[in-house]
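Structure at a glance
Below are the chains, spelled out letter by letter.
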Amino acid sequence: MQEQKDIDDVLQLVGFTVGEENFGINISEVHEINRFEQINRLPDLPNYVLGVIDLRGVVIPVINLAEKLGIQSREVTKDTRIIIIGFNEEKVGILVDSVSEVLRVLSNNLEKPPSIIKNVNSEYIRGIIRNNNHLSVILDIQQLFKDYNPLLTKENTMISPEIKSVAREETSDPAIEKIVEVTKAMADGNFTQEIDVNLYGQVGEIARYINATLKKLQSIEPNIAQASDKIPEASMQLSEITKATEEATHSIMGQVERVLDSQDVILHNLFSIEKGNGVQNSAGEIKQIVLDNKETLLDIITGLSFQDLTGQKIKAIISLIEEVEKRVLQLIVTFGLKDKAALEVDSPLMDLSGKSALNQNVVDNLLEEFGF
Amino acid sequence: MLDLKLKILVVDDFSTMRRIVKNILRQIGYSNIDEAEDGNGALSKLRQDKYDLVISDWNMPNMTGLDLLKAIRADGNLNGIPVLMVTAESKKENVVEAIKYGVNNYVVKPFTADILKNKIEKIFDGKSGG
């Protein structure tokens, strides 16, 4: 079970900086990492509590970690982050100057903190790791905030009524449950449901996006189904056309072969006539052959009418393809797929237009270049 | 001069095309003609019997004409057999690829009896001359 032990011993840490110092906290304590946003300052808070933010409708206090640790923090920059951590079943944001990386370290490599660490009270410290050229201090969040009393409860009158209502509605489970239900149905191919709840904030936004997507899917689905229903029929028709043209070509070729063979008989008879041998017989034979050939040639002409029959079938198939194309285009427009290049598929069809095809002369020139 | 006793293998997946080529060959004067539906069929025939010329299409199921050409050139017993491509694959890169793998000549569909005759003559003139 050595392997299992190794896995257990790997610590995953979120590394961040406050001031000039590097820190890490266990990734399992981190709910999310957000960019800096407006912090609403509230009166009468301990000086290390900066205020509250509205995180998708939930009001969350933000702690000034620098203040708590007694070190100098930098000003807010584009790198400033608020790490949301779980604390006593509540969420708390901690303000850090930057989030650097996710570290994977063996817990064996976690060193005991030296007895004197500048500026940081050692009771918060789980240990120290060496990472590249610097030391990172691994914080014990639960220890760090053990004295922290959540001043902010839902009943707290300091929170404005609007924020309270947003918080209550947004976290209501039935809405989330409905979203889960509808998206699950979508994944199963059922696009008929919609989310009929009236929501605010980012959850509401998600619900509206899902509903908009559903509407598009509802409009497009029957179209696609209708169009694709016809495709097997079209390919069957095309197979029949191939068969029909093959048969017709063979039949015509058989007739042509008969005419060609008869030419040899005519030639033979003409040689006889030339020599003056059995002129009457030869002339009679030639006459009969010519009459037969006339009939055969007429048969060939009528046989060529297969082009008309197959042509009509092919026209029907072309209009079907155009119909499918139209519906696919509609799909592209509805979903706003703009990257045309991504939609271009390598066609297995050869270029039948002949525009890019070389003719025999060009091929011959090419062959000549290679010494043929 | 054309040796009309040449044994020729015509390879095309379309029976009509095989018949057209055979008819033209017969009009030229060849009578010893066999046919195969694709590269695989052609290879097994070539390994059973002696042929003097292969006339092959490019685009066929199972084994394409190009793969047939490669297989013929890679087979010590067959690599001397001339191969004439008769195909609708007429893009420059196709022609160059066929040349690279040792095609003896290349006819673009649709073609005339004269072109086919010329190409066959050229293949065997070249052989006797060089």
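Structure: above.
Every residue gets a number counted from 1 within its own chain, in the order that chain's sequence is written. For naming, the first written chain is A and the first written ligand is 1, with later ones following in the order written. Only residues with pLDDT of 70 or above have their local features reported here, since the model is predicted, and side-chain atom pairs are shown and tallied only from 80 upward, although totals for entire chains, interfaces and linings are computed over all residues.

**Some remarks on the nonpolar core**
The cut-off we apply is this: By definition, a nonpolar core groups buried Ala, Val, Leu, Ile, Met, Phe, Trp, Tyr and Cys residues that are joined through C-beta atoms within 7 Å. Remark: C-beta atoms are placed from the backbone, and a residue is labelled buried if 20 or more other C-beta atoms sit within 10 Å of its own, exposed if 12 or fewer do, or partly exposed between those counts. We call two residues in contact when the distance between their C-beta atoms, placed using the backbone, is within 7 Å.
Leu9(B), Val11(B), Val54(B), Ile55(B), Leu84(B), Met85(B) and Tyr106(B) are the most contacted members of the largest nonpolar core, which totals 33 residues. Ignoring any residue separated from it by four or fewer positions in sequence, one finds Leu84(B) in contact with Leu53(B), Ile55(B), Asn104(B), Asn105(B), Val107(B), Lys119(B), Ile120(B) and Ile123(B). One finds Leu11(A), Leu65(A), Ile129(A) and Leu144(A) within the second-largest nonpolar core, a separate group that totals 32 residues.

**Regarding the sheet that holds strand β3 (residues 30–35) of chain A**
Residue and element names in this part refer to chain A. The cut-off we apply is this: DSSP calls a pair of strands paired once it identifies at least 2 bridges connecting them. Runs of H or I in DSSP of at least four residues are treated as helices and runs of E of at least two as strands, each being numbered from the N terminus. For helices, the axis comes from a line fit to the C-alpha atoms of the stretch in contact; other axes are also lines fit to C-alpha atoms, and the angle between any two N-to-C directions lies between 0 and 180 degrees.
Reading across the sheet, the five strands line up as β3-β6-β7-β5-β4 and stay open at both edges, with mixed pairing between neighbours. Lying at the two open borders of the sheet, with one neighbouring strand each, are β3 and β4 (49–55). With direction set aside, neighbouring strand axes in the sheet form an average angle of 30°. Alignment of β4 against strand β5 (residues 58–64), held across six bridges, turns out to be antiparallel. Bridge pairing in β5 links isoleucine 53 to isoleucine 60.

**With respect to the sheet that holds strand β4 (residues 83–87) of chain B**
Residue and element names in this part refer to chain B. Strand order across the open sheet formed by five strands is β2-β1-β3-β4-β5, with parallel pairing between neighbours. Both outer strands of the open sheet, β2 (33–36) and β5 (105–108), are each paired with one neighbouring strand and no more. Strand-to-strand twist in this sheet, taken as the mean axis angle between neighbours without regard to direction, amounts to 20°. The sheet contact formed by strand β1 (residues 8–11) and β2 spans four bridges and is parallel. Along β2, the bridge assignment pairs valine 10 with glutamate 35.

**What about the interface of chain B and chain A?**
Rules: Basically, the charged four are Asp, Glu, Lys and Arg, the nonpolar ten are Ala, Val, Leu, Ile, Met, Phe, Trp, Tyr, Cys and Pro, and anything else, Gly included, counts as polar.
Contacts between chain B and chain A engage 18 residues on the former and 16 residues on the latter. Contributions of two or more residues to the side of chain B that touches chain A are made by α1 (15–28), α4 (92–100) and β5 of chain B. Its residues assigned to classes, the side of chain B that touches chain A shows eight nonpolar, six polar and four charged.

**Overview of the packing of helix α7 (residues 231–275) of chain A against α1(B)**
Applicable threshold: Any angle that falls under 35 degrees is termed roughly parallel, while one over 145 is termed roughly antiparallel, one within 65 to 115 roughly perpendicular, and all others oblique. In this scheme the handedness of a crossing depends on how the near helix is turned from the far one: anticlockwise by less than a right angle means left-handed, clockwise means right-handed.
Taken N-terminus to C-terminus, the directions of α7(A) and α1(B) make an angle of 20°; their axes are 9 Å apart at the nearest point. Relative to α1(B), the element α7(A) is oriented roughly parallel. Between α7(A) and α1(B) lies a crossing of left-handed hand. Contacts between α7(A) and α1(B) involve Glu246(A), Thr249(A), His250(A), Met253(A) and Glu257(A) from the former and Ser15(B), Thr16(B), Arg19(B) and Asn23(B) from the latter.

**Some points on helix α2 (residues 39–48) of chain B**
All names here are of chain B. For the record, the criterion: Along the arc lie the directions from the helix axis toward the C-beta atoms.
Taken as a whole, α2 has its buried residues at Gly39, Ala42 and Leu46. In an axial view of α2, the angular spread of the buried residues amounts to 60°, which keeps them on one side of the axis. In α2, the exposed positions that point more than 90 degrees away from the buried face belong to Ser44, Arg47 and Gln48. On its buried face, α2 is in contact with β1, β2, β3 (53–56) and α3 (65–74).

**Section: the environment of Val92(A)**
All names here are of chain A. Counting through the fold element by element, valine 92 comes out in strand β7 (residues 90–96). Classification of valine 92 as buried rests on a count of 22 C-beta atoms within 10 Å. Taking the C-alpha atoms as reference points, valine 92 and valine 62, separated by 30 residues in sequence, lie 6.1 Å from one another. If sequence neighbours within four positions are ignored, valine 92 has contacts with Ile60, Pro61, Ile63, Ile85, Phe87 and Phe145.

**Observations concerning the environment of Val290(A)**
Residue and element names in this part refer to chain A. Here valine 290 shows up in helix α8 (residues 279–303). A residue is classified by how many C-beta atoms lie within 10 Å of it, and valine 290, with 12 of them, is exposed. A C-alpha to C-alpha distance of 8.7 Å links valine 290 and serine 262, two positions 28 residues apart in sequence.

**Considering the pairing of β5(A)**
Residues and elements named next belong to chain A. As consecutive antiparallel partners, β4 and β5 are separated by two residues, and within that stretch arginine 56 has a phi angle of approximately 50°, a positive value. One ladder, built from three bridges, connects β5 with β7; its direction is parallel. By the bridge assignment for β7, isoleucine 63 is matched with isoleucine 94.

**So, the packing of α2(B) against α3(B)**
Residues and elements named next belong to chain B. Interhelical geometry of α2 versus α3 gives an angle of 25° and a closest axis separation of 9 Å. The orientation of α2 relative to α3 falls into the category roughly parallel. The two elements α2 and α3 meet at a crossing, and its hand is right-handed. Contacts between α2 and α3 pair Gly39, Ala42, Leu43 and Leu46 from the former with Gly65, Asp67, Leu68, Ala71 and Ile72 from the latter. Residue composition of the contact of α2 with α3, grouped by class: six nonpolar, two polar and one charged.

Everything listed is a geometric property; what it means functionally is a separate question.
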